[in-house]
Amino acid sequence: MNNSVKKFFLTSILFFLSVFLFSINNAFFNWIVFVPVLFLVKVCDFKFVFLWGGLYGFFSYFFYVFWLSNLNFLYLILVCFLYFILWAFLFLCLKFFFEKSQIFLHLKIFLFLCIFEFLKTKGFLGFSFGLISHSQYTNLFLIQISDIFGIWAVDFLMIYSSVLIFKILEDFIKISGSFSVKLKNSFLINRFSSCVFIFLLVFFYSYGIIKVFIQEEEKSSCEKIKIAAIQNNVDPWDDDIKDFSNQIEKLKNLSRKCIEENPDVKIIVWPETAVIPSIEKNYFSDFPSERKKIIENLLLFIDSMPSSFVIGNYNAQKNLKDYNSVYFFTPKENVLPPSRECYSKIHLVPFSEYFPEYLKIWPFTHIFSEENLWEKGSEYKVFSLGDFKFSTPVCFEDNFSSDLIKFVRNGARCFINLSNDSWAKSKRCQVQHLQAAVFRSVENKIYSVRSTSSGETCFISSVGKIYLRSPSFEENYIQGEVYYSEKQNAMYTRFGDFLPYSFIFCFVIYMIFSFIAYFMNITEDKMMSSN
């Protein structure tokens, strides 16, 4: 077997291992998920590194979010193609570091991976599914550090772990001698980096243990309210008027049952777009219709109940602008006529919910655009019931840390998330969504309630503990107490993503000085050669 065949065989093994480790999203293996990736970059040829990177990005996300195909197979391909480009670029940059920039090589790799992990969640195409830190959502003590640095502290520590292990293995391969000698010397070479990792790990866990204990102690001084979350388990593709009516009747029946069994429930939450006929448009319409009748009956029902309701609605306006909205109704106050005060989803899903005008000029983009798109909301709304203040991020909005801190800065002391992931028909999809939601509670030190169409309907404490959870794909409701306080002292809420931006700043400054030094050396060499 010649060297080129051996190299291709080794590269292929590293490629398949890299894709496998990423796609399984395992809490343990995600600590080493970038180790085979870095070896893959190192061993493959420069002329093929772009292709290997692209293929890694494509297939890792193809398996990770395959559930997207249940919505539209083209969306899955679009996401995979996006990550083909991003990872191809990342591999190219990493290969350049390996071959052209050896000074502080592994520090640069670490910073660049951290920056990449952060920036891939930003912009119109920002997609936070696939952050390696999501796999730690049940590791309560580790993730508490997120209330200072956001999810990025956990994410960057896990990247540090991968880069450190890669460096240790790299040195192990280079060193000659017996296995024990190679192992000992490779750790000795990296003893400082290893000590830094151990220190950070101990610090994260120590902080987490103390914080969880303090948060439990502080519950006695907090106010509490009982909330119920409905899970109606319907098929989102049912679009007949009879289907709409039957879905609402199912929700009403679940709500009645909940109130009968739990008369002290103050708020009942229905999932995203649980009510398809537009509440405002149909109630205020001058023309009788089946939709108008459905809405009138719904509002009469709500007004007769002892509890307030949070309801997701397809909010169609007369100006032909449609919104993915949430209404908060309190009986005898703002139900008849319905209040025009609501929250409309701001961070819309690219292509399936929102398509910017500047992209429509490109050919073939219409293939990826749905016919019925939403308009963006404009206000990070906070609702109140007495002294209980809450906000209602819709569906995948709770994937984005920088969006949800705006609700808390406006006064929210609880997240009530309304989601509809039933179109995916995938437990994996729903759990991936839940993983992100856990971090939003920890980052802001507030409780979260999730009402979903098929899962994961649950209650999350301010330390990220899922203390109530409904089985997936079942018609059900859960109810429980939520603790809240006017005091809000999470550092992350106040300062946001200062950690990743500080990493970007450091990396840019380093690269500027590197280029200056590079051109100064070139100039010096030219002067010496001319002399």
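Residues numbered from 1 in each chain as written. Predicted model: local features only at pLDDT ≥ 70, side-chain atom pairs only at ≥ 80, totals over all residues. Heavy atoms only, no water.

> Break down the overall build of the protein chain for me, citing the residues and quoting the values.
Helices and strands together make up the secondary structure of the protein chain, namely 17 helices and 12 strands. Taken against the 2.2 N^0.38 rule, which gives 24 Å for 531 residues, the C-alpha radius of gyration of the protein chain at 26 Å falls within 12% of a compact globule. Counting over 531 residues, the protein chain shows a buried share of 56%. Sequence separation of 24 or more characterises 71% of the internal contacts of the protein chain that already satisfy a separation of 6 or more. For the protein chain, the accessible surface area stands at approximately 24300 Å², while carbon and sulfur atoms represent 64% of it. Of the charged side chains in the protein chain, 51 are positive and 49 negative, and the gap between their average positions amounts to 7 Å. (Helix = DSSP H or I, 4+ residues; strand = E, 2+ residues; numbered from the N terminus. Rg over C-alpha atoms; globule rule 2.2 N^0.38 Å. Buried < 20%, exposed > 50% of the residue type's maximum accessible area, 1.4 Å probe, protein only. Contact = heavy atoms within 4.5 Å. Areas by Shrake-Rupley, 256 points an atom, 1.4 Å probe, with all protein chains shown as cover. Lys, Arg positive; Asp, Glu negative; His and termini not counted. Charge placed at Lys NZ, Arg CZ, Asp CG, Glu CD.)

> An account of the sheet that holds strand β9 (residues 447–452) is needed here, citing residue identities and associated values.
Sheet architecture is open: four strands sit in the order β8-β9-β10-β11, paired in mixed fashion. Sheet topology places β8 (414–419) and β11 (466–469) at the edges, where each strand pairs with a single neighbour. Put simply, the sheet's adjacent strands are angled 15 degrees from each other on average, direction ignored. In the sheet, β8 pairs with β9 via six bridges, with the strands oriented parallel. Bridge pairing links L418 to S451 in β9. (Pairing = 2+ DSSP bridges. Axes fitted to C-alpha atoms, helices over the stretch in contact; angles between N-to-C directions.)

> I'd like to hear about helix α13 (residues 290–303), residue by residue, with values.
Between its first and last C-alpha, α13 extends 20 Å over 14 residues, near the 20 Å set by a 1.5 Å rise per residue. Buried residues of α13: K292, I294, I295, L298, L299, F301, I302 and D303, and no others. Those residues of α13 that are buried are in contact with α11 (241–261), α12 (279–283), β3 (308–316) and β4 (322–329). (Expected span 1.5 Å × (residues − 1).)

> Please give an account of the sheet that holds strand β2 (residues 267–269) that cites residues and values.
Spatially, β5-β4-β3-β2-β1-β12 is the arrangement adopted by the six strands of the open sheet, whose pairing is mixed. Looking at strand neighbours, the two that pair on one side only are β5 (342–344) and β12 (476–484), the edges of this open sheet. Between one strand axis and the next, the sheet turns through 30 degrees on average, direction left out of account. As judged from the three bridges shared by β4 and β5, these two strands associate in the antiparallel manner. Across the sheet, the residue bridging to Y327 is C342, located in β5.

Coordinates in, geometry out; function isn't part of it.
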